[in-house]
Amino acid sequence: MLHGMIVGAIAGAVAVVVIALVQPRRACPACGAKVPRFRAPASARQAMLGGWTCPRCGCRIDRKGRRVDPPPPAPPPPAPPPPG
């Protein structure tokens, strides 16, 4: 059983490397720099969903090569009613 698990792990690792080498390299939508084929996730979101951070300008890019905009700021709290 252990032998099968080891073979499966090796086959999975080889498949990941082959897929990464076959896919075209993405370019940063902000500055046009090519992002690396093998990524080092900069956040938990990138680790789970894929994506890169441009090494040249710091732009965040999703796994399809689109710019990831930061979340919109939270709306300000409502003003308290006037006294009276």
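Predicted model, so just to flag it, every value in this text is computed and none were measured.

Engineer: Give a description of the overall build of the protein that names residues and reports values.
Structural biologist: Looking only at helices and strands, one finds two helices and two strands in the protein. Computed over its C-alpha atoms, the radius of gyration of the protein comes to 21 Å, more than 25% above the 12 Å expected for a compact globule of 84 residues. Considered along the principal axes of its C-alpha atoms, the protein spans approximately 80 × 40 × 15 Å. For the protein, the proportion of its 84 residues judged to be buried stands at 17%. Carbon together with sulfur atoms contributes 67% to the accessible area of the protein, which is approximately 6,700 Å² in total.

Engineer: Lay out the pattern of salt bridges in plain terms, naming residues and giving numbers.
Structural biologist: Here the structure, examined in full by the defined rule, presents one salt bridge. Between R66 and D62 there is a salt bridge; the shortest N-O distance is 2.9 Å. Residue R66 is classed as partly exposed on the basis of its relative accessible area of 49%.

Engineer: Give a description of the side chain of Q46 that names residues and reports values.
Structural biologist: Looking at the element boundaries, Q46 is found in helix α2 (residues 44-49). Residue classification places Q46 among the buried residues on the basis of a relative accessible area of 5%.

Engineer: Can you explain the nonpolar core? Please cite residues and give values.
Structural biologist: Counting residues in hydrophobic clusters, the biggest one holds seven residues: C28, A33, V35, W52, C54, C59 and I61. When sequence neighbours within four positions are dropped, the list of residues in contact with C54 reads C28, C31, A33, C59 and I61.

Engineer: Please give an account of the environment of G12 that cites residues and values.
Structural biologist: Of note, G12 is situated in helix α1 (residues 2-22). Counting along the chain gives 45 residues from G12 to C57, while the straight-line C-alpha distance between them is 33 Å.

Engineer: Help me get a handle on the side chain of D62, residues and values and all.
Structural biologist: Its place among the elements puts D62 in the segment after β2 (60-61). At 3.0 Å, the side chain of D62 forms a polar contact with the backbone nitrogen of K64. Engagement of the side chain of D62 in a polar contact is seen with the backbone nitrogen of G65, the distance being 3.0 Å. Sequence-distant contacts of D62, that is, excluding residues within four places in its chain, are made with G51, W52 and V68.

Engineer: Tell me about a nonpolar patch on the surface, and name the residues and values.
Structural biologist: A contiguous nonpolar patch, built from M1, L2, M5, I6, I10, V14, V18 and V22 and spanning about 890 Å² of accessible area, is present on the exposed surface. The exposure class assigned to V18 is partly exposed, which follows from its relative accessible area of 44%.

Rules used in this analysis
Residues numbered from 1 in each chain as written. Predicted model: local features only at pLDDT ≥ 70, side-chain atom pairs only at ≥ 80, totals over all residues. Heavy atoms only, no water. Helix = DSSP H or I, 4+ residues; strand = E, 2+ residues; numbered from the N terminus. Rg over C-alpha atoms; globule rule 2.2 N^0.38 Å. Buried < 20%, exposed > 50% of the residue type's maximum accessible area, 1.4 Å probe, protein only. Areas by Shrake-Rupley, 256 points an atom, 1.4 Å probe, with all protein chains shown as cover. Salt bridge = Lys/Arg side-chain N within 4 Å of Asp/Glu carboxyl O. Core = buried A, V, L, I, M, F, W, Y, C linked by side-chain atoms within 4.5 Å. Contact = heavy atoms within 4.5 Å. Polar contact = N/O pair within 3.5 Å; in protein donor to acceptor, adjacent residues only side chain to side chain. Patch = residues over 30% accessible without salt bridge, like charges linked within 9 Å, V, L, I, M, F, W, Y side chains within 5 Å.

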